[in-house]
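# A structural walkthrough
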Amino acid sequence: MVFENYIWEVLERNKIRVVTNSMDWGLAIQVLNESAQVHYPHMLRADKSFYQKSEPFSAPGAGNTVNLPSDCYKVELVEVAVARGGAARKIDLIEFQDVNLNDYATGATNTPIYRVDKSTFDIFPASSGTIHYLRTIPYVTDIAKEMTDPGVGAEPPIHWLFEESWVTYACKLLKQQHYRLSENPSTVSQQLQGFEEAMEAVKNTADPMQIYASELPQKA
Amino acid sequence: MTKAQHREKVINLLKYFPTTIKLSDDLIDRYVEHAVRRVWRQFVVSDEADFRKSVTVAHGDPLPADWGWFAGSAYYTVSGEKKPITFIQTQEISHRKTSKMNLATANRPSVYITNQTFKFIPDTTMTNPATGLAYAANLSSVTLWYYFRPTSLFGSAVADNTDDGMPEYTQGFIHRAAVEMCMEQLQDDQQAYQQIDKNFSESMQANAKFFAGITSEQMKSYIR
């Protein structure tokens, strides 16, 4: 189901009508995204296959550095089409080492190595292949985005089994937000309330300037 | 039971609450949909056969539209003989491809899911150890079982006569769960907040039971 339906559900279940529609909408998007991040580790642990993704990469140039996909959370496997026992094979992951100075592999085609950094990985010798990784979930603002249903190639961020708890937790967050605004209003919201009252007063009087004049700061 | 029948039942159960009128049909349908899925998670553990389907797929095919969860069983036919397929995670691919003790062949194939599609090994990147030649084609016509997702009941695109696809004996549980969820709209702010919290906890608990229970049920079927 698309994101817009969940925004509707959060607003409908919270029935917040004290603020403007646009503010409701933005808050709903925010709490749904917050709830998604809270659920991500649960969803990942429950069904990793839902978040498994793979992407081909081509042989890197000088420096042997390849950019990780932008939605990469964790690299699971780098596979290169190197003949060894007749099979495409996994290559070894090493940590904190210059892959170009590998004493063990010495650059042999059959024994490549790679190292994963923050947003790139180094591979030696340079090879083409496939990177298997776990995708992360983005901050969603597109209301037409498919959010939960697998099987349509849409890469939904939310595992369908967690749909109810995800949207219910978002409702809970929005209710908390509502309490903060209504029961413990900030200086800003107090001033906004005052501004609304002033606007009402302007509309209800035949001589609005008189109202304003009385509220203007006076010289000492 | 259909979408309209569910809605009518829930409204009947709520009729003593004067504020029922504030609940829109859409919202009731949404709660019913949540309830159906929560009950699905609970009953699939105790009676998984009622929630299982099979599909025949080839390497690279997308998950079926009603895909819920792999049901722990799949086979591939080699020379008229059915060979069971193991379900693996992507980090196990290399092990199945390269370990001499665990080399995937057409007689011992594996399936994994990536990009929301099925992938099988051996694949054309591998060499058949029996012939020394690369596999000419990927596995196809693989039959596997899965637990299907219950039908969606929310939204104007779903007709009132849409059946939820759930067994008859689950209806009472669905209505009770839906009414409980509706209560969050019928109470004052503080109680409603507590009800939301309760709904959230129960949903997470249903998930926990599902994931713990389904694993143990599948283990039993392996043992059989």
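Residues numbered from 1 in each chain as written. Chains lettered and ligands numbered in written order. Predicted model: local features only at pLDDT ≥ 70, side-chain atom pairs only at ≥ 80, totals over all residues. Heavy atoms only, no water.

## Remarks on the packing of aromatic side chains
What the rule picks out here adds up to 17 aromatic pairs over all chains. Seen from their ring centres, Phe57(A) and Phe121(A) are 5.1 Å apart, and the 90° between their planes marks the pair as edge-to-face. Of the two residues, Phe57(A) is situated in strand β1 (residues 52–57) and Phe121(A) in strand β7 (residues 120–124); the sequence distance between them amounts to 64 residues. The residues Phe57(A) and Phe121(A) share a single accessibility class, namely buried. Here the aromatic rings of Phe43(B) and Phe173(B) are separated by 5.0 Å at their centres, their planes lie at 65°, and the arrangement is edge-to-face. Placement of Phe43(B) in helix α2 (residues 25–46) and of Phe173(B) in helix α4 (residues 171–186) is noted, with a sequence separation of 130 residues between them. The exposure class assigned to Phe43(B) is buried, which follows from its relative accessible area of 15%. If you follow Arg149(B) out to its NZ or CZ, it ends over the ring of Trp160(A), 5.9 Å from the centre. (Phe/Tyr/Trp six-rings, centres within 6.5 Å; stacked < 30°, edge-to-face > 60°. Helix = DSSP H or I, 4+ residues; strand = E, 2+ residues; numbered from the N terminus. Buried < 20%, exposed > 50% of the residue type's maximum accessible area, 1.4 Å probe, protein only. Lys NZ or Arg CZ within 6 Å of the ring centre and 35° of its normal.)

## A few points about the environment of Val78(B)
Residues and elements named next belong to chain B. Here Val-78 is to be found in strand β2 (residues 67–78). Separated by 29 residues in sequence, Val-78 and Asn-107 place their C-alpha atoms 7.0 Å apart. Apart from residues lying up to four places away in sequence, Val-78 is in contact with Lys-83, Ala-106 and Asn-107. (Contact = heavy atoms within 4.5 Å.)

## Here's the deal with the side chain of Glu146(A)
As for its position among the elements, Glu146(A) is in the loop between β8 (129–135) and α3 (163–183). The side chain of Glu146(A) is buried and forms no salt bridge, while Arg149(B), the nearest opposite charge, is found at 6.9 Å. Polar contacts involving the side chain of Glu146(A) include one to the main-chain amide nitrogen of Thr148(A), which spans 3.3 Å. (Lys, Arg positive; Asp, Glu negative; His and termini not counted. Salt bridge = Lys/Arg side-chain N within 4 Å of Asp/Glu carboxyl O. Polar contact = N/O pair within 3.5 Å; in protein donor to acceptor, adjacent residues only side chain to side chain.)

## A short note on the interface of chain B and chain A
The interface is formed by 54 residues belonging to chain B together with 47 residues belonging to chain A. In this assembly, chain B packs against chain A so that about 4500 Å² is buried in total across both faces, 55% of it on carbon and sulfur atoms. Looking at the side of chain B facing chain A, the largest losses of area belong to Gln116(B), Tyr193(B) and Phe200(B), adding up to 15% of the total buried there. On inspection of chain B and its partner chain A, the count reaches nine salt bridges. A salt bridge links Asp197(B) to Lys172(A), with the shortest nitrogen-to-oxygen separation between them at 2.7 Å. (Buried area = accessible area lost by both parts, 1.4 Å probe.)

## A look at the packing of α2(B) against α4(B)
Residues and elements named next belong to chain B. Running from amino to carboxyl end, α2 crosses α4 at an angle of 135°, the nearest separation of the two axes being 8 Å. On the basis of their axis angle, the class for α2 and α4 is oblique. The element α2 and its partner α4 pack so that their crossing is right-handed. Residues Leu-27, Tyr-31, Val-32, His-34, Ala-35, Val-36, Arg-38, Val-39 and Phe-43 of α2 lie in contact with α4, whose contacting residues are Phe-173, Ile-174, Ala-177, Ala-178, Met-181, Cys-182, Glu-184 and Gln-185. Here the contact of α2 with α4 is built from residues that sort into 13 nonpolar, two polar and two charged. (Axes fitted to C-alpha atoms, helices over the stretch in contact; angles between N-to-C directions. Parallel < 35°, antiparallel > 145°, perpendicular 65-115°, else oblique. Left-handed = near helix turned anticlockwise from the far one by under 90°. Nonpolar A, V, L, I, M, F, W, Y, C, P; charged D, E, K, R; others polar.)

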